[in-house]
Amino acid sequence: MPGPGAFLFGEEERAELLDVMETGYLSRYGSENDPNYKRKVVTFEKEFAEFSGAKYCVAVNSGTGALMACLAALGIGPGDEVIVPGYTFIASISSIIHARAIPVLAEIDESLTIDPEDIRKKITDKTKAIMPVHMLGNPCKMDEIMDIAKEYNLFVIEDCCQSAGAAYKGKKIGTIGHIGAFSLNVFKTIMAGDGGMVITNDQALYEKAFGFHDQGHKPNRMGLEIGNRSIVGMNLRINELTGAVALAQLRKIDKIVTTLRNNKNKLKEELRGLDGVGFRKINDEEECGTLLTLIFEDKEKAVKFAKKIGATTISESGWHVYNNMEQILNKKTVTEYQCPFVCEKYGREIEYHKHMLPKTDEILERSVNISVGVVDKGLGAPYGISILSGDEEIQKISQEIKNMIKSL
Ligand SMILES: *Cc1c(COP(=O)(O)O)cnc(C)c1O
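Residues numbered from 1 in each chain as written. Predicted model: local features only at pLDDT ≥ 70, side-chain atom pairs only at ≥ 80, totals over all residues. Heavy atoms only, no water.

K.L.:
In this structure, what is going on with the site of the ligand? I would like to understand it.
P.N.:
Contacts to the ligand come from 16 residues, most closely from Gly63, Thr64, Asp159, Ser183 and Lys188. Separating an oxygen atom of the ligand from a backbone N or O atom of Gly63 is a distance of 2.7 Å. In this structure, Thr64 approaches the ligand through a side-chain N or O atom, which is 2.5 Å from an oxygen atom. Here the ligand loses 94% of its free accessible area of 380 Å² to cover by the protein chains. At the level of secondary structure, the elements contributing two or more residues to the shell around the ligand comprise helix 4 (63-73) and helix 5 (90-98). By residue number, the principal contributor to the shell around the ligand is helix 4, which donates three residues. Taken together, the residues of the shell around the ligand sort by class into five nonpolar, nine polar and two charged. (Near = heavy atom within 4 Å. Polar contact = N/O pair within 3.5 Å; in protein donor to acceptor, adjacent residues only side chain to side chain. Areas by Shrake-Rupley, 256 points an atom, 1.4 Å probe, with all protein chains shown as cover. Helix = DSSP H or I, 4+ residues; strand = E, 2+ residues; numbered from the N terminus. Nonpolar A, V, L, I, M, F, W, Y, C, P; charged D, E, K, R; others polar.)

Have a look at this one:
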């Protein structure tokens with residue numbers, strides 16, 4: 001079961017797709033004067049940049065690809081350490097490993113986003129960047145994070161994959177740090193099957209991210225541009241079919257986020273003041289509203305409640321928790337993922353093991369997710385409402401939750 005954008009796939013997406021299919025012109029590049037070229041990807045980039053209040057946007061093939069392009073644009077590589085929370089999707093961590101850099105896991109706090117105090121504790125002379133992850137729609141504590149980044153001269157890469165549409169203190173996420181990455185996979189606020197975006201206000205970073213996504217080329221090339229390629233890139237391009245769906249979805253994002261916030265507030269109003277349980281801390285009311293997280297006072301109650309709704313506590317859910325990432329557990333980044341050259345040159349080894357982040361474990365063991373707009377077993381949210389739910393259903397579900405909590 002997918003995210004809110006997928007629930008709303010309809011006429012508008014079909015119309016944009018048909019527009020492209022009429023001519024069959026699928027490449028993102030084309031001539032302004034060619035009537036067959038419908039400019040879906042380029043228009044999507046322009047509109048997403050405008051929506052975000054960012055100067056630049058490049059669309060790429062996934063959120064993972066977007067993170068890799070961000071790291072490449074910042075020149076993060078062998079031996080560099082990047083601080084990332086232990087509660088996130090594996091892609092935040094794997095993109096750092098594939099940049100041949102070293103992920104340093106940090107604790108979260110009761111907002112379920114990275115704990116600024118723990119960031120300070122994890123800084124070494126090798127630290128190059130912080131990757132705050134706006135988890136489950138909730139913006140990170142960006143003021144504190146940006147203060148630390150300035151103090152230690154670090155880059156900030158915002159992983160916005162779970163929170164398109166959210167804002168922090170009036171600024172859209174992804175525009176507060178140096179560069180931001182988004183995903184268009186089917187679980188996200190808006191989707192195109194797969195896809196992603198990089199946004200930034202820095203022209204040099206934009207050109208590097210763009211070049212990384214297309215074999216080193218300058219933005220929006222016409223033809224080959226031999227002699228004009230300053231970096232070695234890859235191919236992370238999307239085509240016009242993906243661009244068409246992304247464009248139609250983007251034009252629904254305000255409606256999606258407003259609906260989710262309203263629905264979540266209705267649920268919260270019904271559930272406020274219950275004994276032994278509270279809500280996750282929200283760092284800005286302009287969050288996405290995709291999920292409601294209940295944090296119980298004791299672990300046993302959380303486990304019992306989760307069972308009743310056919311879910312698990314977040315600590316046991318899917319693969320967003322470092323404890324459940326068998327890909328990295330008991331491995332050492334430098335020796336097991338990186339080439340011998342890197343090992344010899346950059347000696348610091350970090351081993352990842354279960355329960356290395358006690359505060360994160362303690363919070364997630366008491367936390368249970370209720371769906372508001374993202375129905376996802378992997379996030380521990382198979383139960384709740386969707387973006388299509390009306391007042392009657394919201395009322396019914398909140399009554400069910402209340403009764404279950406009272407009977408624990
Ligand atoms: C979904 C997600 C990604 C990766 O997105 P894909 O498009 O699936 O590659 C990265 N980080 C976080 C936090 C995510 O939730």
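Continuing now.
K.L.:
How should I be thinking about the nonpolar core in this particular structure?
P.N.:
As a rule of thumb, soluble globular proteins bury nonpolar side chains together. Residues Tyr87 and Ile157 are the most contacted members of the largest nonpolar core, which totals 74 residues. For this core, the leading source of residues is helix 4, giving six residues. Three or more residues apiece are contributed to this core by two domains, here domain 1 (4-253) and domain 2 (254-406). Beyond its immediate stretch of four places on either side in the chain, Tyr87 contacts Ile108, Leu112, Met135, Leu136, Ile314, His320, Val321, Thr360, Leu364 and Asn369. (Core = buried A, V, L, I, M, F, W, Y, C linked by side-chain atoms within 4.5 Å. Buried < 20%, exposed > 50% of the residue type's maximum accessible area, 1.4 Å probe, protein only. Domains from an automatic or database assignment. Contact = heavy atoms within 4.5 Å.)

K.L.:
Looking at this structure, I do not really get the layout of surface pockets. What am I missing?
P.N.:
Where empty space is left can be seen by rolling a probe of water-molecule size over the atoms. Each pocket or cavity is described by its volume, and for the largest pocket that value is around 230 Å³. Surrounding the largest pocket, 15 residues form its lining, Asn185, Phe187, Lys188, His320 and Asp376 being those nearest its centre. Taken domain by domain, the makeup of the lining of the largest pocket includes at least three residues from each of domain 1 (4-253) and domain 2 (254-406). In this structure, the second largest pocket encloses a volume near 190 Å³. Lining the second largest pocket are Arg39, Val42, Glu45, Lys46, Ala49, Glu50, Lys55, Tyr56, Cys57, Tyr206 and Asn220. If you list the elements that add at least two residues to the lining of the second largest pocket, you get helix 3 (40-52) and strand 1 (56-60). Tallying contributions element by element places helix 3 first for the lining of the second largest pocket, with five residues. (1 Å grid on protein atoms, 1.4 Å probe; cavity = no way out; pocket = protein on both sides within 12 Å on 5 of 7 lines; lining within 4 Å. Points joined across faces, edges and corners; volume = space filled by probe spheres on them.)

K.L.:
Before we go on, may I ask you to explain the sheet that holds strand 12 (residues 367-371) in this structure?
P.N.:
Pairing is antiparallel across the open sheet formed by three strands, whose spatial order is 10-11-12. Two strands lie at the open edges of the sheet, namely strand 10 (277-279) and strand 12, each paired on one side alone. Across the sheet, the mean angle from the axis of one strand to that of its neighbour is 30°, orientation sign disregarded. Of the pairings in the sheet, the one linking strand 11 (residues 291-296) to strand 12 comprises five bridges and is antiparallel in character. (Pairing = 2+ DSSP bridges. Axes fitted to C-alpha atoms, helices over the stretch in contact; angles between N-to-C directions.)

K.L.:
I'm lost on the environment of Lys128 in this one. Help?
P.N.:
In this fold, Lys128 is placed in strand 4 (residues 127-130). Under the relative-accessibility criterion, Lys128 is labelled partly exposed at 32%. When the C-alpha atoms of Lys128 and Ile394 are compared, they prove to be 45 Å apart, with 266 residues separating the residues in sequence. The residues contacting Lys128, other than those within four sequence positions of it, are Ile76, Asp80, Glu81, Leu154 and Phe155.

K.L.:
Just checking my understanding: could you explain the sheet that holds strand 1 for this structure?
P.N.:
Strands belonging to one sheet form pairs held by backbone hydrogen bonds; the direction of such a pair is parallel or antiparallel. The mixed open sheet is built from seven strands, whose spatial order is 1-9-8-5-4-2-3. Only two strands of the sheet have a single neighbouring strand rather than two, namely strand 1 and strand 3 (102-106). When the angles between neighbouring strand axes are averaged without regard to direction, this sheet yields 25°. The sheet contact formed by strand 2 (residues 81-85) and strand 3 spans five bridges and is parallel. What sits directly across from Val84, in strand 3, is Leu105.

K.L.:
Teacher, can you tell me more about the packing of helix 3 against helix 9 (residues 240-250) here?
P.N.:
The description of two helices packed together rests on the angle between their axes and the distance between the axes. Where helix 3 contacts helix 9, the axes come no closer than 8 Å and their chain directions differ by 30°. Where helix 3 crosses over helix 9, the two elements pack in a sense that is left-handed. Facing helix 3, whose interface residues are Lys40, Val41, Thr43, Phe44, Glu47, Phe48 and Phe51, helix 9 presents Glu240, Gly243, Ala244, Ala246, Leu247 and Leu250. Broken down by class, the residue content of the contact of helix 3 with helix 9 amounts to eight nonpolar, two polar and three charged. (Left-handed = near helix turned anticlockwise from the far one by under 90°.)

K.L.:
In this structure, what is going on with the side chain of Ser95? I would like to understand it.
P.N.:
Structurally, Ser95 is set in helix 5. At a separation of 3.1 Å, a polar atom in the side chain of Ser95 contacts the main-chain carbonyl oxygen of Ser92. Apart from the residues lying within four places of it in its own chain, the contact partners of Ser95 are Thr64, Leu67, Met68, Leu71 and Met131.

K.L.:
How should I be thinking about the domain arrangement of the protein chain in this particular structure?
P.N.:
The extent of an interface is frequently quoted as the accessible surface area lost upon association of the parts. For the protein chain, the assigned domains read domain 1 (4-253) and domain 2 (254-406). For domain 1 versus domain 2, the distance between C-alpha centres works out to 23 Å. A salt bridge links Lys359 to Asp115; the shortest N-O distance between them is 2.8 Å. The interface formed by domain 1 and domain 2 includes 27 residue pairs in polar contact (both at pLDDT 80 or more). Here the side of domain 1 that touches domain 2 takes five residues from strand 3, the largest share from any one element. (Salt bridge = Lys/Arg side-chain N within 4 Å of Asp/Glu carboxyl O.)

K.L.:
I tried to follow the pattern of salt bridges on my own but got confused; where do I start?
P.N.:
Two side chains with opposite charge may pair up if their charged atoms get near one another. Counted by the stated rule, this structure contains 26 salt bridges. The salt bridge partner of Lys252 is Glu12, with a shortest N-O separation of 2.9 Å. Taken together, the residues Lys252 in the loop between helix 9 and helix 10 (253-271) and Glu12 in helix 2 (residues 11-23) connect sequence positions 240 residues apart. In this structure, Arg366 engages Glu362 in a salt bridge whose closest nitrogen and oxygen atoms are separated by 2.8 Å. By relative accessible area, Arg366 is classed as buried at 12%. Judged by its relative accessible area of 39%, Glu362 is partly exposed. Residues participating in the shared-partner salt-bridge network are Glu16, Asp19, Lys38, Lys40, Glu47 and Arg251.

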